Amino acid sequence: ITYLVDFGAQNKKSQENIASLQSQMEKAEQDVADGKINASNIEGYPNDYLPKFCPFYLENDDIKGWLKIDGTNVNFPVVQTSDNDYYHRLGFNEEYDYYGTPYIDWEADVKKPSTNITIYGHNIRNDGQMFNDLTKYKQLSFYKEHPLVSFDSVYKEGTYKIFAAFITNNLAEHDNGNKFYYNAFVEADFNNFVNEVKRRSIFDTPVDVEYGDELLTLSTCTYEFADARLVVVARQLREGESAEDFGKQVVKRENPVMPQIWNELFG
């Protein structure tokens, strides 16, 4: 019983922290629009960072961007350090938070940027927080309504269209000693990565992807089997590309590639 009470308190605390950060971002964006933030006058603030991230940087200089999917609970800051475990149970204020903070893989270069930027976030069962809504991409209808992801890094704003969502294993023993890695940096690896992602995807879209596109990969827990992962992959809109039609031409993939443990459990 004590655990349940504490868990409920953590849930509430995390929700309050996220709501506060969301309000802070709304104010920052409005202040920028009104000319109230002049980041060039603030000592220590990187001159190539977008002005709207200034209040967040002053609180925590690990800030690397803001992730949002309209119509979902995904709407929060993203951090990055050299240690992928650092924010596992820490909030943006670097105080204990059971839900942690979504973070970018330590190997990714947000400034360059890397060909593929991977962001990890918690899904604590189905309480609607952090990356829980990503698991809804298992449903074709949800994808059709939410095909776009907004990821504004501290350097530039970006909109991405999702072209795949798949379930994979985090433990090699669950797929005959194999584990599918999300990162892709050189052309040969990139093309193979995209092909493998599409083979695994729950749905099939007409979104074309080619080397030179910037990819965004979102990863979270799912509970079909132990240590399972739900992964959503998107590519950035190209110059002149309209976002309006994305999500309409999508069909369920009949036989997506699944890890061996899935085949054992579900056939």
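Up top is the structure these notes are about.
Note that this is a predicted model, so its numbers are computed, not measured.

S.K.: Can you walk me through the layout of surface pockets in this structure?
M.R.: Where empty space is left can be seen by rolling a probe of water-molecule size over the atoms. Estimated volume of the largest pocket: approximately 580 Å³. If you trace the largest pocket, you find 28 residues lining it, with Tyr103, Tyr120, Asn170, Ser219 and Arg229 closest to the centre. Top contributing element to the lining of the largest pocket by residue count: strand 8 (residues 215-222), with three residues. Counted by class, the lining of the largest pocket contains 11 nonpolar, 11 polar and six charged residues. When its volume is computed, the second largest pocket comes out at roughly 220 Å³.

S.K.: Sorry if this is basic, but what is going on with empty space enclosed by the protein here?
M.R.: Applying the stated criterion across every chain yields a total of one cavity of 30 Å³ or more. The class makeup of the residues in the lining of the largest cavity is five nonpolar, three polar and three charged.

S.K.: Explain the side chain of His122 here, please?
M.R.: Assignment of secondary structure puts His122 in the loop between strand 4 (116-120) and helix 3 (140-145). Overall, the relative accessible area of 12% leaves His122 in the buried class. A distance of 3.4 Å separates a polar atom in the side chain of His122 from a polar atom in the side chain of Arg89. In this view, His122 contacts His88, Arg89, Tyr98, Tyr99, Gly100, Gln129, Met130, Phe131, Asn132 and Thr220; residues no more than four positions away in its chain are not counted.

S.K.: Hey, could you run me through the packing of aromatic side chains in this one?
M.R.: The description of an aromatic ring pair uses the distance of the two centres, along with the angle that the planes make with each other. Inspection of the entire model under this criterion finds 16 aromatic pairs. Ring centres of Tyr98 and Tyr99 lie 5.9 Å apart, and the angle between their planes is 85°; on these two criteria the pair is classed as edge-to-face. The same class applies to Tyr98 as to Tyr99, namely buried. Relative to Phe193, the ring of Phe180 lies with its centre 6.0 Å away and its plane at 15°, an arrangement referred to as stacked. Residue Phe180 is located in the loop between strand 6 (159-169) and helix 4 (187-200), and its partner Phe193 is located in helix 4; the two are separated by 13 residues in the primary sequence. According to the relative accessible area criterion, Phe193 is buried, its value standing at 3%.

S.K.: Help me out: how do you make sense of the side chain of Asp31 in this one?
M.R.: Mapped onto the fold, Asp31 is located in helix 1 (residues 2-33). In contact with Asp31, other than residues within four places in its own chain, are Lys36 and Ile37.

S.K.: Explain the pairing of strand 8 here, please?
M.R.: For a regular strand, side chains alternate in direction, first toward one face of the sheet and then toward the other. Among the eight residues that make up strand 8, seven are buried, leaving the element largely enclosed by the rest of the structure. As judged from the five bridges shared by strand 4 and strand 8, these two strands associate in the parallel manner. Considered in strand 8, the bridge of Ile119 is made with Leu218. Where strand 8 and strand 9 (residues 228-236) come together, eight bridges link them in antiparallel fashion.

S.K.: Where do I start with unusual backbone geometry in this structure?
M.R.: A negative phi holds for most residues other than glycine; trans holds for most peptide bonds. Following Lys112, the chain continues to Pro113 via a peptide bond in cis, the omega torsion being -15°. Phi angles above zero are rare outside glycine, and Glu94 is one such case at about 65°. Looking at the element boundaries, Glu94 is found in the loop between strand 2 (75-79) and strand 3 (103-104). We classify Glu94 as partly exposed; its relative accessible area is 34%.

Analysis parameters
Residues numbered from 1 in each chain as written. Predicted model: local features only at pLDDT ≥ 70, side-chain atom pairs only at ≥ 80, totals over all residues. Heavy atoms only, no water. 1 Å grid on protein atoms, 1.4 Å probe; cavity = no way out; pocket = protein on both sides within 12 Å on 5 of 7 lines; lining within 4 Å. Points joined across faces, edges and corners; volume = space filled by probe spheres on them. Helix = DSSP H or I, 4+ residues; strand = E, 2+ residues; numbered from the N terminus. Nonpolar A, V, L, I, M, F, W, Y, C, P; charged D, E, K, R; others polar. Buried < 20%, exposed > 50% of the residue type's maximum accessible area, 1.4 Å probe, protein only. Polar contact = N/O pair within 3.5 Å; in protein donor to acceptor, adjacent residues only side chain to side chain. Contact = heavy atoms within 4.5 Å. Phe/Tyr/Trp six-rings, centres within 6.5 Å; stacked < 30°, edge-to-face > 60°. Pairing = 2+ DSSP bridges.

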